[in-house]
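Listed here are the chains, written in short residue letters.
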Amino acid sequence: SLLLSTATILQIERASSGQPQRWDESLRQAVRRVPRVFGVTLLVGLMLVFVIGLVVVLNVVLAVSAPIALLLTVPAAVFVVAWAAIRLSLATTNAALAPKGVGSISESLRLTSGTTWPLFGRFLLLLLVLLGIQLLSSLATAPVTAIFGSDTPDFTTSSETPLIDLMGGSLPLLFGGWEGVGL
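So, here's what we can say about the structure.

Let us now look at the packing of aromatic side chains. Tallying each qualifying case throughout the model produces 3 aromatic pairs. With a centroid separation of 5.5 Å and an interplanar angle of 85°, the aromatic rings of W117 and F120 are classed as edge-to-face. Of this pair, W117 and F120 are both found in helix α6 (residues 116-148), 3 residues apart, which corresponds to roughly one turn of the helix. W117 sits in the partly exposed class, given a relative accessible area of 46%. Owing to a relative accessible area of 10%, F120 belongs among the buried residues under this scheme. Connected via pairs of aromatic rings, a cluster forms that spans F79, W117 and F120.

And the structure:
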């Protein structure tokens, strides 16, 4: 997946600059860049996990000392995490495109400087469009599901779930019990 996405990024960049190249040539270039893209992806992921962990710890501390403060800190925490994610969003693309020695993360920070909130607005717009599509999809499938039923498995009995049978039927106990377990 990382190899194909890196090759696709290279294809798009070459095509947009008016120098299209063959797919196999993009794949060869992508093979050489995948370790750098993987490293940057891992580093960005760790940075976001750190930011999220810091925000969670601060919210827990505030929740213990002043629960009413969560009304302000939870939305602020969402914005801080979104801000960090947007600022780092171009790092992997930069790692695929930039020559060696160019800092992908610092380049991502430079490119998103001053455009963070417009990018955030576009992200929210995309999220609303996706939620609308999901709503329309569920509205379209609801009559069919009502008429013909659902093929979704019923996880309340162990006979339909091989994982529960594999664990000796103890999986419901891990989740505090299901119907008929008596917990």
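After presenting the structure, the write-up continues.
V37, V40, V44, L88, A91, A95, A96 and I105 together form the largest nonpolar core, which totals 8 residues. When contributions to this core are tallied by element, the ones reaching two or more residues are α2 (23-65) and α4 (91-97). Leave out the neighbours within four places in its chain, and A91 touches V40, V44, S104, I105 and S108.

Criteria and thresholds
- Residues numbered from 1 in each chain as written.
- Predicted model: local features only at pLDDT ≥ 70, side-chain atom pairs only at ≥ 80, totals over all residues.
- Heavy atoms only, no water.
- Phe/Tyr/Trp six-rings, centres within 6.5 Å; stacked < 30°, edge-to-face > 60°.
- Helix = DSSP H or I, 4+ residues; strand = E, 2+ residues; numbered from the N terminus.
- Buried < 20%, exposed > 50% of the residue type's maximum accessible area, 1.4 Å probe, protein only.
- Core = buried A, V, L, I, M, F, W, Y, C linked by side-chain atoms within 4.5 Å.
- Contact = heavy atoms within 4.5 Å.

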